[in-house]
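As a plain string of letters, each chain reads:
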Amino acid sequence: MSDTTETPAPPSGPRELPKVVTSRWDLEDSHTLARYEATGGYTALRSALTKAPQAIVDEVKAASLLGRGGAGFPAGVKWGFCPPGVWPRYLVVNGDESEPGTYKDRILMERDPHQLIEGVLLACYAVGCAQAFLYVRGEMALAQERIAAALNEAYAAGYVGKNILGSDYSVDVVLHWGAGAYIVGEETALIESLEGNRGMPRLKPPYFPAAQGLYLKPTIVNNVETLSNLPWILNNGAEAFSSFGAETSRGTRLFAVSGHVNNPGVFEVEFGTTTYRDLIYTHAGGIRDGNELKCFIPGGASAPWFFEEHLDLPLETGAIGKAGSMMGSGAIVVMDETTDAVKACWKVVKFFAHESCGKCTPCREGTDWLEKILERILHGHGRPNDLELLLDVCDNISPGISWPPRQTTICPLGPSAVSPISSALRRFRDEFEAYLAAAEPPAVASVGGSVPVDIRVGASS
Amino acid sequence: MARLSRDNLVTAQEIIARYPRPKSALIPLLHLAQEQDGWLTEDAMEHLAELVGVTPAEVLGTASFYEMFKREPVGRYVINVCTDIACSLVGGDELLEHAEETLGVRDGGTTADGMFTLHGVQCIAACTEAPCLQTNYRYSHQVTNEGFDQLVDDLRNGRKDSEVPHHGVLARIRQSIPADKAAGAIVPEGQSEPAWLASAAADASGEGTSS
C-alpha cells in the first residue's frame, strides 16, 4: 500500500481486487509498527495532516463507506451529525464484537492493530476529537495485548499523543476493556459502559450519540472494520474505493463463514458481485461431507434465516433487505440437512435470552419465555398450542413479526430473538409439529420442564 | 486481602488519569482487582469506590452486570467452552460434556484442588475455528476430546504457564502513555474548538498559517 494511486481493474472479466483491510494478514509480525511502516503504514496520516480536516470528511463521504458494524450507516454522514460549536467531541471505537458467527473485528485487531489506530487518528483529525476510546471486548486478551503494544509503539514514534508528527494535532487514544456483555455492542450501551455503568442502552431519541453521547457530549461511535478502511481510502482516493462494490455498498467487506462448511474462515470480498453461493461453495469450500444445504444465517444471529433460493443473492445491502434479511455483521452460519431446526432455533434464542440486559420488559420476559417454551418442546413436553404461543410472544416483542422489525424495546436485541423463530416456523413447521406429536404430558406444571439433559444441534444428536 | 497493593494502586491512578471522569475507569479497575486476587472481594469493591468517588453499591451494580467479574473464588484456570450455535453445530455441546467428565465437575463447578472452573458459555468469537474454548480468555481452536485432555494435563503440569497466566490476568502488555507524549484527558466542560480545526478554519478564511 502506498499513497500513489492504484487504479483497480476494469469491471469486465475476472477482477483482481485490492485487499483493502486484509493486505497484511498473512505477513509475519503483521501487528508490529515495523511491518506496518514497511508496507505503507501511517502515510495516510502524514498526508492528511497537510490537508484541512474537512477534506478528509469529504473524501470519506465521497467513498460512500458504510459502517461495518451491522447497521450500515454511511460513516462520513455520521461524522457530520455532530452539532457545530459543541465541544469536546469524542471518538469511541466499537470493538465489543460478540454476535454469534461474528469475529472479523477480533482478527483485524490481532493482525493489524496499527491499521485500526491509523483509522482512529484519521477520524479524530477529521471530526475534531481530542480523545478517543478503543473499547475492546473483555474476553479478547490477545487483541488487547496487540493493541496495547501497538499504541505504545505509536506513542513512542509520535503518531499518537501531543503534537502528532510536529503538527498542532493532538489526541490521546485510550485502550478500554469490556467485561463480558453482548449488549454493550449497541452504541448507547457501549457509552454507558464506558462511563462505568451497567451496559444498558439509552433511548434514541434524544440520545443519538453524535449529538449526545459520552458524558452527553457529541460522540462518534465507529466499528473496527469501518475505521480500518480509512487508511486505504485516504491513500488511494474515494474514486478508487467506490469503483468497486455495488451501487448501494461500496468497497469490500469481511465475511465470516462458519458451521457445516469444509473451509470455515474470514474472507474479504467485493460487495455486489459476490453471492452467498460464492462465499459458501467457493471460499468456504462447500457443505461438509457432501451434504445438502438446509439453511443459513446470513448476517449474524439476529438476521432472519436464508435458504437454497437465496444463495444467488448478491452481497449487497439492498438486495438482501428486499429478500427479508440483512447483511448485519457479515457472519454467515451454515446448517446442513442433518441439522435439527428446532434445536438450532433454541440455541440462537437462548443466546439472546442470556444476553438481554433486562431494561425492557418485552425483551427481558419475552426472550426468557421463548427459550423455556422451546426447551419444553425439545424435552418432549410441548403443548398443543405452543407454536401459536411462541408466535404470540414474538408478536409482543416485535409486533407483526415483520422485517425489518418493529420494536417494543429500546434496542433491537429482543426482536433479534424473534427472527430465528419466525424463520424456522415458516420453513420447518413440520419439525416442530413432530416434536409436539411425540410429546408426553409434562411431568410438572412448570414452564421450562426439567434441566436440559441432551439438547444438541448437530448431526450426532 | 483485597485492597489494591501499592503497585496496583499506582497502576490504578495511571488508569484513572486517562479518563475525563474517574468512574469511567471502573471496569478496568475491577479487572485490576480481579487480577490481584483472582476474584472480586467486597473489600476490593469498597476500595475502588473510594478511588473513583462513588458508593460501594454503585461498584457492585456495575460489577454484577458483567459476566467476567467473579464474586466468589474460582479456579486458577477458568475454562469457558463455547456452546453457541456455530460451535454446537460441530460438537461444542459434546465437548462440554466431555470436559465435565474429565474434570469431574458440572457446568459452573470448580475442581476440588482449586485448579479448574468449568463454564459452558455463549459465543466467544472464534466461530470459524469451532468447537473452541478459552482458558483464562486464551483461545484453543477446533478442540477434540483428546485435545481437551491434553490441555488439562499441560495446565496441571505447568507446561502452559508462559501462555496462560492465572485467572484475572488479561492483557499482559499494558498501554503506557508517557507523560511527555500525553495529550491529556479531555473533560466534558470548558472545551473550545481543537487547535487543528481552528487553524484550518483560519487558513480557509486567510487569517492564519497551516500546520
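The structure reproduced in this document is the subject of the present report. (Residues numbered from 1 in each chain as written. Chains lettered and ligands numbered in written order. Predicted model: local features only at pLDDT ≥ 70, side-chain atom pairs only at ≥ 80, totals over all residues. Heavy atoms only, no water.)

### Description of the environment of Ser162(B)
All names here are of chain B.
Phase 1 of the analysis: Its location among the elements puts serine 162 in the loop between helix 7 (145–156) and helix 8 (195–204).
Phase 2 of the analysis: Since its relative accessible area comes to 62%, serine 162 is described here as exposed.
Phase 3 of the analysis: Separated by 117 residues in sequence, serine 162 and methionine 45 have C-alpha atoms that sit 29 Å apart. (Helix = DSSP H or I, 4+ residues; strand = E, 2+ residues; numbered from the N terminus. Buried < 20%, exposed > 50% of the residue type's maximum accessible area, 1.4 Å probe, protein only.)

### Some thoughts on the interface of chain A and chain B
By a widely used convention, the size of an interface equals the accessible area lost when the partners come together.
Phase 1 of the analysis: The interface of chain A with chain B comprises 90 residues on the first partner and 69 residues on the second.
Phase 2 of the analysis: Inspection of the chain A/chain B interface yields three salt bridges.
Phase 3 of the analysis: Taking the shortest distance from any N to any O, the salt bridge between Lys347(A) and Asp93(B) comes out at 2.9 Å.
Phase 4 of the analysis: Connecting chain A to chain B are 39 residue pairs in polar contact (both at pLDDT 80 or more).
Phase 5 of the analysis: Sorting the residues of the side of chain A that touches chain B by element identifies helix 6 (113–127), strand 2 (129–136), helix 7 (141–157), strand 3 (172–177), helix 8 (187–194), strand 5 (252–259), strand 8 (331–336) and helix 14 (341–355) of chain A as the ones contributing at least two each.
Phase 6 of the analysis: Sort the elements by how many residues they give to the side of chain A that touches chain B and helix 7 of chain A lands first, with nine residues.
Phase 7 of the analysis: Looking at side-chain class alone, the side of chain A that touches chain B contains 47 nonpolar, 26 polar and 17 charged residues. (Contact = heavy atoms within 4.5 Å. Salt bridge = Lys/Arg side-chain N within 4 Å of Asp/Glu carboxyl O. Polar contact = N/O pair within 3.5 Å; in protein donor to acceptor, adjacent residues only side chain to side chain. Nonpolar A, V, L, I, M, F, W, Y, C, P; charged D, E, K, R; others polar.)

### Here we look at the side chain of Ser30(A)
Phase 1 of the analysis: Here Ser30(A) shows up in the segment before helix 1 (33–38).
Phase 2 of the analysis: A residue is classified by how much of its surface remains accessible, and Ser30(A), at 6% relative accessible area, is buried.

### Topic: the sheet that holds strand 8 of chain A
Residue and element names in this part refer to chain A.
Phase 1 of the analysis: The strand order 6-5-8-7 describes an open sheet built from four strands, whose pairing is mixed. In this open sheet, the two strands that pair with only one neighbour each are strand 6 (265–270) and strand 7 (293–297). Taken pair by pair, the neighbouring strands of this sheet meet at an average axis angle of 30 degrees, ignoring direction.
Phase 2 of the analysis: Here strand 7 pairs with strand 8 via four bridges, running antiparallel. Residue pairing across strands places cysteine 295 opposite methionine 335, the latter belonging to strand 8. (Pairing = 2+ DSSP bridges. Axes fitted to C-alpha atoms, helices over the stretch in contact; angles between N-to-C directions.)

### Section: the pairing of strand 1 (residues 89–95) of chain A
Residue and element names in this part refer to chain A.
Phase 1 of the analysis: The buried fraction of strand 1 is high, at seven of seven residues.
Phase 2 of the analysis: What you see with strand 1 is no split at all: Arg89, Leu91, Val93 and Gly95 on one side and Tyr90, Val92 and Asn94 on the other are buried throughout.
Phase 3 of the analysis: Sheet topology places strand 1 next to strand 2; seven bridges connect them, and they run parallel. Looking at strand 2, one finds that glycine 95 is bridged to valine 136.

### Points about unusual backbone geometry
Residues and elements named next belong to chain A.
Phase 1 of the analysis: Of the consecutive residues tryptophan 87 and proline 88, the connecting peptide bond is found in the cis state with omega at 0 degrees.
Phase 2 of the analysis: Topologically, proline 88 is positioned in the loop between helix 4 (75–79) and strand 1.
Phase 3 of the analysis: Residue proline 205 is reached from lysine 204 by a cis peptide bond, and omega for that bond is -10 degrees.
Phase 4 of the analysis: As for its position among the elements, proline 205 is in the loop between helix 8 and strand 4 (219–223).
Phase 5 of the analysis: With phi around 70 degrees, tyrosine 42 is a residue other than glycine that occupies positive phi space.
Phase 6 of the analysis: Within the secondary structure, tyrosine 42 sits in the loop between helix 1 and helix 2 (43–48).
Phase 7 of the analysis: Judged by its relative accessible area of 0%, tyrosine 42 falls in the buried class.

### Overview of the packing of helix 2 (residues 26–37) of chain B against helix 3 (residues 42–52) of chain B
All names here are of chain B.
Phase 1 of the analysis: One can describe the packing of helix 2 onto helix 3 by two numbers: an axis separation of 10 Å at closest approach and a directional angle of 145 degrees. Helix-helix and strand crossings are classified by hand; for helix 2 and helix 3 the assignment is right-handed. Packed against helix 2, whose contacting residues are Leu26, Leu29, Leu30 and Ala33, the element helix 3 presents Ala44, Met45, Leu48 and Val52 at the interface.
Phase 2 of the analysis: Taken together, the residues that form the contact of helix 2 with helix 3 break down as eight nonpolar, no polar and no charged. (Left-handed = near helix turned anticlockwise from the far one by under 90°.)

Everything listed here is a matter of coordinates, which is why it stays silent on function.
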